[in-house]
2 protein chains.
Amino acid sequence: MKIVVLKFGGTSVGTIKKIKKVADIIADYKKKKYKVIVVSSAMSGVTNELIKKSFEISDNFSYSEYDVLVSSGEQVACSLIAGRLIHKGYKSRSWLSWQVPILTVGVHKNSRINQINRSKILKYLNNGGIPIITGFQGINNENRITTIGRGGSDASAILIAKFFKAERCIIYTDVEGVFTTDPNKLKKAKKIKEISYEEMLEMASLGAKVMQPVSIQDARLNRINIEVRSSFIKKSGTLITKRSNIINNRIVTGISCTQNDSKVSLIGVKDKPGVAAAIFKPLSKNLINVDMVVQNISANGKETDLTFTIKTEDLNKTKKIIQQNKNLNYRNLIFEKNVSKISVIGVGMITTPGVTFRMFQTLANKGINIKVISTSEIKISVLIDKKNTQKALIALHKEFKLDQKK
Amino acid sequence: MKIVVLKFGGTSVGTIKKIKKVADIIADYKKKKYKVIVVSSAMSGVTNELIKKSFEISDNFSYSEYDVLVSSGEQVACSLIAGRLIHKGYKSRSWLSWQVPILTVGVHKNSRINQINRSKILKYLNNGGIPIITGFQGINNENRITTIGRGGSDASAILIAKFFKAERCIIYTDVEGVFTTDPNKLKKAKKIKEISYEEMLEMASLGAKVMQPVSIQDARLNRINIEVRSSFIKKSGTLITKRSNIINNRIVTGISCTQNDSKVSLIGVKDKPGVAAAIFKPLSKNLINVDMVVQNISANGKETDLTFTIKTEDLNKTKKIIQQNKNLNYRNLIFEKNVSKISVIGVGMITTPGVTFRMFQTLANKGINIKVISTSEIKISVLIDKKNTQKALIALHKEFKLDQKK
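Scope of this entry: the structure provided in the associated data block.

Calculation notes
Residues numbered from 1 in each chain as written. Chains lettered and ligands numbered in written order. Predicted model: local features only at pLDDT ≥ 70, side-chain atom pairs only at ≥ 80, totals over all residues. Helix = DSSP H or I, 4+ residues; strand = E, 2+ residues; numbered from the N terminus. Rg over C-alpha atoms; globule rule 2.2 N^0.38 Å. Buried ≥ 20, exposed ≤ 12 C-beta atoms within 10 Å, placed from the backbone. Contact = placed C-beta atoms within 7 Å. Nonpolar A, V, L, I, M, F, W, Y, C, P; charged D, E, K, R; others polar. Arc of directions from axis to C-beta. Pairing = 2+ DSSP bridges. Axes fitted to C-alpha atoms, helices over the stretch in contact; angles between N-to-C directions. Least-squares fit on C-alpha atoms with pLDDT ≥ 70 in both.

With respect to the overall build of chain A
(1) Moving on: A count of helices and strands for chain A gives eleven helices and 19 strands.
(2) Moving on: The C-alpha atoms of chain A give a radius of gyration of 24 Å, which matches the 22 Å a tight globule of 406 residues would have.
(3) Moving on: Across its three principal axes, chain A shows a C-alpha extent of roughly 75 × 50 × 30 Å.
(4) Moving on: Looking at the 406 residues of chain A, the share that counts as buried comes to 47%.
(5) Moving on: Here the contacts in chain A between residues at least 6 apart in sequence split such that 75% fall between residues at least 24 apart.

The structure is reproduced here in C-alpha cells:
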C-alpha cells in the first residue's frame, strides 16, 4: 500500500465547514486504499491573531515563546480534523510534533526539520490509522517547540513525504493549481498540468504565490512529486515533478510579471573587482531586496554600467544609501520608477532556438521598448514600461500558445 | 529559599492588559526572594470557544481530541505570561505539561494528576528561572495530552504545590476571597481572613464558587495552605488552612443559601432496606442532582416519610420518574416549589453548644417557618420558603456576628 501525504493550508481549514470538507477529501484517499498522512496548517487568521497578541505583550517578544504561542494554532486544526474523521467512523488522531517527534535544528522562529522519527507513525499507519500531523513546527534538542521559518507547513509536508517515501505529496490550497500566468491579470491564463521543479522555482520566485521557493527546492532535492490543487473544487491540479517525467513539454510553460518595480542605473562605474559588492552590501544590510542585476561588458576596459531593479517602495531609501556611499565612483546615477519585469519561463527553451527572438519580435510588433534584458537557462526576463505590462502579457501569452488548452 | 505556587484563573489572564498585570504580580514575589512557580488557566472565553468548535465538528466529539483541542488554551496563556516576564528582564519560560512532565491516570477529559516529575523544574528554579506551567492538563502513559476533569487548574496548582513542597499556593481569581455570605446577596458580607478546609468544603459545595470542592479536598489531604485573592485589587485574601492554624475561631464562619430549590416528600414509604436506593437510583441515572435528604425514624416501625430537595428545573423530570417507578410504595407524594436551603457553617459549632437553638430562635423571631432540618458536625441547614431567604440571611448574619469585622 502506497503512502500519500495530504497537506492542507490555512484557508482550506479556515472554518468548521471547510474542515468537514477536508475530512471528506481525506476519507476519499483512504477509500482508495492509500496510507494517508495528513499535515495541517492553523485555521486561517489564527496565527496572525496570535502574533498580534505577542506584539501587544512586547515589541521584542521572546522567540522561543513565540514558537510555543503560534504552534498552538496547528494543534487546534489537527484535533478538529481528527475529531471529524473519528466522527465519520475512521481511525484517526492528531500527532503533535513532539509526539512524532519531528526534530529540528537552528534557531527559534527559523528552524529546519532535521529528522522525523518514523516508527510510531508507521506503526499507526499499519494499524489503519490516519495520522494528522501539525505542520510548521518541531522540537529541538532541548525538547522545546520550534517553528520552521520559510516554507511553513508546505516544507513540513514535503519532508514528511521524503522520510516516509510517499508516492506523492498533495498540497491542498485555495487555488486550483499553477497557471500559465496570473489569472487575475489575464483571463485566458490556463492551468498547467505538469511543471518541472526548475520552472516552478522560477515561477514561484517571480510571484506565483502557490508555494514558497524553499519548499519547491526541498521537493526537487528529494524528488518528491507534488500536486497543488484546490480543496474547494474537485479538479486535478498541477503536478510539480522532475523534467524527465514531463512528456509533452511546451517551449514556454508560463509567463510571470512583477509590478511596482524601479530601475537604478549607475553609469560609468569603475570596472574593477569589488565594485558590485560595494553597491549591494549596504542595500542588503538595509533589507532592500534587489531583483534583476545586469552589467554589460566594459567597452573600454575601464568603465561599465550597472543596472538593477528594486521595489518602488524602497526607492527613496535606496537613493539615499547609494548617494551616501563614499566607496562608489560613477559618472551618473539614473532612477526610473514605473517599470515592469516580464519573464517567459520554460525548460523547452533549452532545446528550442529562437525563443529569445520570438519574444523580442512580439514586443517590437506591439511597439514596446525593452529597457533591460536578462536570461537564464530556462527564463528570459525583460524590463519594460509599466504601462505596457498588460499589452505585453497578452501578446506573449498568445505568441507562445499558452491561450490554448494543453 | 521557599517555594510559592501562584495560580491565575481565566479572568485573571483574560486580556493582554491583565496578563501584563499578572506578570507584575509574579515579579513582586520574585523580588521577595521566593522561588516562584506559576500555573495558568486559558484566557477566559477561549476554552468555551474551542468547545463550541468541537460541538460544531461532532455532537460526539472524540474525548482524546477534545483534550488536544482545549489544552491549547493554557499553552497560549503561558507563553504570553512568560513572554511578558522575559520582556521585563526576568528569566522565565512556559512549561507545557509534556515538558515537565505532569503524568495523569484515568480517562480523557476526566484524568487525575498522578505524578509530577520534579527534576527539570527544580533545576530551572535553582537557576533563577520562573516556570509558567500549563494548568488543567497532563499526559498519560501513551504520551497523549489529557485534561483533568473537576477542579481544573486549581487542582493542578495544588498538586504542584504538594510535589514541590511549596509554602503556599495562591489562587488568583476575580474575587477578593471567601466571604461570610454571597456579597451579591448581602452587602454586609465580610471577607473571611482564615477558614478551615472543612468549612471551605461546606461553603464551596453550598454555592461559594471560589474553588471546586475536589481541589479543596486535595489541599486538605496534602495540608497545602491556600490563599484565594484577587489579581485586580492589591488586598490580602482568604487563607484556607487546617483548623489548628486558625487561632481566633468564630462559632459560625459563613452562611450560604441556595435558591430555586424544590422539595419532594414521599409520605408513608415502607420502612425497609433498599427503599432509598429504589428512589434515588433512577434519579441519579437521569443526572438529577439530589441535595438534602432527610428521613425521620419510623413512628410505627413500618412506614416512614422521606424528603429530599432538587433544583426546580429538574422538578418535572423528577415527578415523572417517581410516578413511573413501579418499585415504590407510598401513601402520598408531595412536591413543593420555591423553597430555599440556608446553612450556617463553622468549626466552632463543635465546641459551642446552643448554635442550633440560636439559629432556630432567630428564624422563629422573624416568623420564618422551618420545613426541614439537617445537620452535620460543622453545618446546620434548614429548608424555608424562598420568599423568606433574604430576611433569614440578614437575621442570621447579624445573630452570629458576621456583620462585624474580625
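Thoughts on the interface of chain A and chain B
Buried accessible area, meaning the area lost when the parts come together, often serves as the stated size of an interface.
(1) Moving on: Taken together, the contact pairs 30 residues of chain A with 30 residues of chain B.
(2) Moving on: Ranked by residue count, the leading element in the side of chain A that touches chain B is helix H3 (residues 63–87) of chain A, at 14 residues.
(3) Moving on: Of the residues belonging to the side of chain A that touches chain B, the class tally is twelve nonpolar, 13 polar and five charged.

Notes on helix H7 (residues 213–222) of chain A
Residue and element names in this part refer to chain A.
(1) Moving on: Along H7, the residues classified as buried are Ser-215, Ile-216, Asp-218 and Ala-219. Each buried residue of H7 lies within a common arc of 155° when the element is viewed along its axis, so the set occupies one face.
(2) Moving on: Just past H7, the residue Arg-223 takes up positive phi, approximately 55°.

Here's the deal with the sheet that holds strand E6 (residues 130–134) of chain A
Residue and element names in this part refer to chain A.
(1) Moving on: Taken together, the eight strands give an open sheet; going across it, the order is E3-E6-E2-E1-E9-E11-E12-E10, and neighbouring strands pair in mixed fashion. Sheet topology places strand E3 (92–95) and strand E10 (194–196) at the edges, where each strand pairs with a single neighbour. Each adjacent strand pair in this sheet contributes to an overall mean axis angle of 20°, direction not counted.
(2) Moving on: Bridge count for strand E11 (residues 226–230) against strand E12 (residues 238–241) is three bridges, and the pairing is antiparallel. Directly across from Val-228, in E12, lies its bridge partner Thr-238.
(3) Moving on: Its contacts with the sheet place H3 against strand E2 (35–40), E3 and E6, and it is angled at close to 165° to E6.

What about the environment of Gln-295 of chain B?
Residues and elements named next belong to chain B.
(1) Moving on: Residue placement: Gln-295 occurs in strand E14 (residues 293–295).
(2) Moving on: Owing to 15 C-beta atoms within 10 Å, Gln-295 belongs among the partly exposed residues under this scheme.
(3) Moving on: In this structure the C-alpha to C-alpha distance between Gln-295 and Asn-222, which are 73 residues apart in sequence, comes to 35 Å.
(4) Moving on: Apart from the residues within four sequence positions on either side, Gln-295 is in contact with Thr-304 and Leu-306.

Here we look at the relation of the copies chain A and chain B
(1) Moving on: Mapping chain A onto chain B is achieved by rotating through 179° and translating by 0.0 Å along the same axis, at an RMSD of 0.1 Å. The transformation relating the two chain copies, once decomposed into turn and shift, fits a two-fold axis. Relative to the rotation axis, the closest C-alpha in chain A is found at Ser-72 of chain A, a distance of 2.7 Å.
(2) Moving on: When the interface residues of chain A are mapped onto chain B, 100% of them again fall at the interface, so both copies present the same face.

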